Amino acid sequence: REEEGEELAVAPSSGKPPVTPDSVINLDHGDPTMYEQFWRGDAGERATIVIPGWQTMSYFSDVGNICWFLEAGFEREVRRLHRLVGNAVAEGYHVLVGTGSTQLFQAALYALSPPGAAAAGAPMSVVSPVPYYSSYPAVTDFLKSGLYRWAGDARTFDGETYIELVCSPNNPDGGVREAVLKSGTGVAVHDLAYYWPQYTPITEAAAHDVMLFTASKCTGHAGTRLGWALVKDRVVAQRMNKFIELNTIGVSKDSQLRAAKILKAISDGYDHAPAVGDRTRLFHFARRKMMARWGALRAAVASSGIFSLPDELPGYCTFAKETVAAYPPFAWLRCEKEEVYDLEGYLRECKIVSRGGAKFGADGRVVRISMLDTDEAFAIFVDRIAAMK
Ligand code: PMP
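Residues numbered from 1 in each chain as written. Predicted model: local features only at pLDDT ≥ 70, side-chain atom pairs only at ≥ 80, totals over all residues.

Caption draft 1: Fine view of the domain arrangement of the protein chain. When cut into domains, the protein chain gives domain 1 (2-42 + 278-387) and domain 2 (72-270). Measuring from the centre of the C-alpha atoms in domain 1 to the corresponding centre in domain 2 gives 24 Å. The partner domain 2 presents 31 residues to the 33 residues of domain 1 that form the contact. Broken down by secondary-structure element, the contributors of at least two residues to the side of domain 1 that touches domain 2 are helix H11 (282-304), strand E10 (314-317) and strand E12 (330-335). For the side of domain 1 that touches domain 2, the element with the most residues is H11, which contributes five residues. Across the side of domain 1 that touches domain 2, the residue classes tally to 22 nonpolar, five polar and six charged. (Domains from an automatic or database assignment. Contact = placed C-beta atoms within 7 Å. Helix = DSSP H or I, 4+ residues; strand = E, 2+ residues; numbered from the N terminus. Nonpolar A, V, L, I, M, F, W, Y, C, P; charged D, E, K, R; others polar.)

Caption draft 2: Highlighting helix H5 (residues 100-112). Counted at 1.5 Å a residue, the expected span for H5 with its 13 residues is 18 Å, and the 19 Å between its end C-alpha atoms agrees. Regarding H5, the residues found buried are Ser101, Gln103, Leu104, Phe105, Gln106, Ala107, Ala108, Leu109, Tyr110, Ala111 and Leu112. (Expected span 1.5 Å × (residues − 1). Buried ≥ 20, exposed ≤ 12 C-beta atoms within 10 Å, placed from the backbone.)

Caption draft 3: Structural detail: the sheet that holds strand E9 (residues 307-308). Here four strands make up an open sheet; going across it, the order is E9-E12-E15-E14 and the pairing antiparallel. The strands lining the two open edges of the sheet, one partner per strand, are E9 and strand E14 (355-356). Relative to E12, E9 runs antiparallel, the two being bridged by two bridges. Opposite Ser308, over in E12, you have Arg334 as the bridge partner. (Pairing = 2+ DSSP bridges.)

Caption draft 4: Structural view of the nonpolar core. Formed by 104 residues in total, the largest nonpolar core has its most connected members in Leu96, Ala108, Ile163, Leu212, Ala229, Val231 and Met240. For this core, the leading source of residues is H5, giving eight residues. Counting contributing residues, this core receives three or more from each of domain 1 (2-42 + 278-387) and domain 2 (72-270). (Core = buried A, V, L, I, M, F, W, Y, C linked by C-beta atoms within 7 Å.)

Caption draft 5: Spotlight on the site of the ligand. Taken together, 13 residues are adjacent to the ligand, and Gly100, Ser101, Thr102, Thr214 and Ser216 come closest. With three residues, the single largest contributor to the shell around the ligand is H5. For the shell around the ligand, the per-class residue count stands at four nonpolar, eight polar and one charged. (Near = placed C-beta within 6 Å.)

Caption draft 6: Just H11, in detail. Compared with an ideal rise of 1.5 Å per residue, which puts 23 residues at 33 Å, H11 spans 33 Å between its outermost C-alpha atoms and is within 8% of the ideal. The inward-facing, buried residues of H11 abut helix H2 (36-40), helix H3 (42-46), helix H10 (253-271), E9, E12 and helix H13 (375-387).

Caption draft 7: Just the environment of Gly146, in detail. Among the secondary structure elements, Gly146 is positioned in the loop between helix H7 (135-141) and strand E4 (148-153). Given 15 C-beta atoms within 10 Å, Gly146 falls into the partly exposed group. The sequence separation of Gly146 and Ala302 amounts to 156 residues, and the corresponding C-alpha distance is 49 Å.

Take a look at the structure:
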């Protein structure tokens, strides 16, 4: 309690004004400010770094590596974390670093689209099943590339050659997914941003051809802008790396050093440090928060009576070594009232900003709401939902 009081006295790192009971509550973006409380505690000290003026000056980190700007310490901690959590096979995979997994996503589209197809006027089709992450169409078509173009819902796609984006657990609805298309010439990119134990049971070590991860949703350090890819094929890794080389000539080493230290603090929290409650165990801290938040939201939905949520999906988690429920990072909230066909607008009247279903290829009676904001914002949001009749 005392600790929480202290935390409130410090300005949030997001620069957003503190919320009051009549503030507009913006849960449109998945800004992971929920994690700040953890890093302000004991763990924060262990994740602090100091970079002297002479360090990280060169463009290069390891000229012998495909990813020549990848810091060895960051790669080491990525591999160590995957070994600890057991969510992905990293052995035998190339590790690439990106400015957020958003850059790696674009690098993957570039790498997996044959240049010949563009010359023939047939760009690669990029698909994902509805409801898909709203950035997929936006980012894919932003530069109107001749190499690839957004082709919509994977379930209705008719063709042999495509890139399928498989997001699991899925943003926005938390669904556990596998590729739906199976053609021999199609390829899949697995976006595993949320395949961490605070959100979903870890059921197997994923071993797909291209897997994307991000510090943003694993540790909450979205502002560090660091993602990583595990890539099986050497040529695909080389092509992805070429994209980053031409796009930004590498990725901030300062960020990589910081992220390495953050990932190290997480693994150390499980490996050596005596567990002081959940204060040094990130996944336990975040899981407890998510469980409390989902409990509060389900209770509010029940007391309101006009909404519904996806069912809670339990599974055996090899990391927790018990059967646990899934607690997705977003609530995919549907309004059951006949007359409400624009739920985003309806919630806005109650000063709740959400993202409407249409951006995810779904209908307007459903919205996506971030579950990762501050305790204060989340509490006000839940109270407002409970009061809507
Ligand atoms: N993939 C998914 C499914 C996401 O939800 C997000 C962030 N909202 C990203 C990728 C991008 O994350 P980053 O901050 O690493 O660019």
